[in-house]
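Here is what each chain is made of, one letter per residue.
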Amino acid sequence: MIGSAPIHWFEQVDSTSEELKRRARRGALEPVWIAARQQIAGRGRLGRNWVSPEGNLFVSLLCPLAEGVSAATRVPFATGLAVRDACISVLPETDFRLKWPNDVRVDKAKLAGILVESGQTDSTFWVIIGIGVNVQVAPDNTGQASISLVDLGAPPETSPDEVLLALRTALARRLRQAETGFDGVLRDWSMSAEGLGQMVEAGPANARQKGRFEGVSEDGGMILRLPDGQTHIIRAGDVDLIGDV
Ligand code: BTN
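Rules and cut-offs
- Residues numbered from 1 in each chain as written.
- Predicted model: local features only at pLDDT ≥ 70, side-chain atom pairs only at ≥ 80, totals over all residues.
- Heavy atoms only, no water.
- Salt bridge = Lys/Arg side-chain N within 4 Å of Asp/Glu carboxyl O.
- Helix = DSSP H or I, 4+ residues; strand = E, 2+ residues; numbered from the N terminus.
- Pairing = 2+ DSSP bridges.
- Axes fitted to C-alpha atoms, helices over the stretch in contact; angles between N-to-C directions.
- Near = heavy atom within 4 Å.
- Polar contact = N/O pair within 3.5 Å; in protein donor to acceptor, adjacent residues only side chain to side chain.
- Areas by Shrake-Rupley, 256 points an atom, 1.4 Å probe, with all protein chains shown as cover.
- Expected span 1.5 Å × (residues − 1).
- Buried < 20%, exposed > 50% of the residue type's maximum accessible area, 1.4 Å probe, protein only.
- Core = buried A, V, L, I, M, F, W, Y, C linked by side-chain atoms within 4.5 Å.
- Phe/Tyr/Trp six-rings, centres within 6.5 Å; stacked < 30°, edge-to-face > 60°.
- Lys NZ or Arg CZ within 6 Å of the ring centre and 35° of its normal.

**Concerning the pattern of salt bridges**
At step 1: Evaluated as defined, the whole model comprises 22 salt bridges.
At step 2: Between E117 and R43 there is a salt bridge, and its shortest N-O distance comes to 3.0 Å. Of this pair, E117 sits in strand β6 (residues 109-121) while R43 sits in the loop between β2 (32-39) and β3 (57-64), and the two are 74 residues apart along the sequence.
At step 3: Close ionic contact of R174 with D85 constitutes a salt bridge, the shortest N to O distance being 2.8 Å. Residue R174 is located in helix α3 (residues 160-179), and its partner D85 is located in helix α2 (residues 75-90); the two are separated by 89 residues in the primary sequence.
At step 4: Each of D85, R173, R174, R187 and D188 takes part in salt bridges that share partners, so that together they form one network.

**Some points on the sheet that holds strand β1 (residues 7-13)**
Within a sheet, adjacent strands bond to each other through the backbone by hydrogen bonds, running parallel or antiparallel.
At step 1: The strand order β1-β2-β3-β7-β6-β5-β4 describes an open sheet built from seven strands, whose pairing is mixed. The sheet is open, and its two edges are formed by β1 and β4 (97-99), each paired on a single side. The mean angle between the axes of side-by-side strands here comes to 20°, regardless of whether they run parallel or antiparallel.
At step 2: Sheet analysis places strand β5 (residues 103-106) next to β6, joined by three bridges and oriented antiparallel. Counted as the bridge partner of R105 is K110 from β6.

**Points about the pairing of strand β9 (residues 209-216)**
Across a regular strand the side chains alternate sides, sitting on one face of the sheet and then on the other.
At step 1: As defined by bridge partners, strand β8 (residues 199-203) adjoins β9 across four bridges and the pair is classed as antiparallel. Bridge pairing in β9 links A202 to Q209.
At step 2: As consecutive antiparallel partners, β8 and β9 are separated by five residues.
At step 3: Two successive antiparallel strands, β9 and strand β10 (residues 222-225), enclose a turn made up of five residues, where G220 displays a positive phi of approximately 90°.

**Examining the site of the ligand**
At step 1: In the vicinity of the ligand lie 19 residues, with S15, Q39, R43, R45 and K110 positioned nearest.
At step 2: T16 is positioned such that a nitrogen or oxygen atom in its side chain is 3.1 Å from a nitrogen atom of the ligand.
At step 3: Notes on the ligand: free accessible area 410 Å², of which the protein chains cover 98%.
At step 4: Secondary-structure elements contributing two or more residues to the shell around the ligand are α1 (16-25), β3, β6 and β7 (124-133).

**A closer look at α2**
At step 1: Taking 1.5 Å per residue, 16 residues should reach 22 Å; α2 reaches 23 Å between its end C-alpha atoms and fits that length.
At step 2: Among the 16 residues in α2, 13 count as buried, and that is most of the element.

**Things to note about the nonpolar core**
At step 1: Ranked by internal contacts, the top residues of the largest apolar core, which has 59 residues, are W33, V83, V133, L149, L167, W189 and M222.
At step 2: Of all hydrophobic cores here, the second largest spans eight residues; its members include L20, A24, L29 and W126.

**Some remarks on the packing of aromatic side chains**
Note on aromatic pairs: each is described by the distance of the centres and the angle between the planes.
At step 1: Taken as a whole and judged by the stated rule, the model has two aromatic pairs.
At step 2: For the pair F77 and F182, a centre-to-centre distance of 5.7 Å together with 70° between the ring planes defines the contact as edge-to-face. Of the two residues, F77 is situated in helix α2 and F182 in helix α4 (residues 182-191); the sequence distance between them amounts to 105 residues.
At step 3: A relative accessible area of 2% means that F77 is categorised as buried.
At step 4: Judged by its relative accessible area of 8%, F182 is buried.
At step 5: Seen in terms of ring centroids, F77 and W189 are 5.3 Å apart; in terms of plane orientation they differ by 75°. Their pairing is edge-to-face. Of this pair, F77 sits in helix α2 while W189 sits in helix α4, placing them 112 residues apart in sequence.
At step 6: With a relative accessible area of 0%, W189 lands in the buried category.
At step 7: Site record: aromatic cluster; members linked through ring pairs are F77, F182 and W189.
At step 8: Over the face of the ring belonging to W9 we find R37, whose NZ or CZ atom lies 3.7 Å from the ring centre.

Take a look at the structure:
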């Protein structure tokens, strides 16, 4: 279904995720992809902007959740893996890494961001999966170093359209994998994770914690081993790798 869901391209939109939210609120709940050449109010995680110049991929997918809202915690991990799969199809030799919860990075520079939002219309739960991939340009919009597929050696004419087609197939496959259980997704995610086993500082700005990144919990939280030996689970906020101290 997701693999064959229609793609609607816009020349310009405020935000592909906002466009889908308007549709979902009107009751249009069939899976559909909205992609745009440019966004004028692109949104990132934690209320940040997502600078959206022509040449990059900006796309959102509306996805009804048959299993209810609890299935939403699996979606960011399946999506991170799918974006990684799609990028590997462009650059098979590149070591794309997933940074909790779902940034895609290469050599600690951000290549793609994912924003998953959930909601309900009547009795149907849905998620809107918003994905931005730096295909041709690496905007300075993330508070961290950024990089594009072209910077990494993809042909300069690499288009958002071809990345989207690879992504559509990959996401359909990863969401199917997530439906059959979170174990397989978490195993694959962990094999591609950045910083697993290392010291990190993580959490919301007002409650940062230092600890060793030990894994991901069943509901998608980041498991930290604190210096006093206790376990703490981070469920929101940013993560900084602080190396192996
Ligand atoms: C992040 O902060 O890392 C998440 C960035 C998500 C950006 C994408 S671009 C397509 C979709 N529309 C938006 O407004 N945001 C997401």
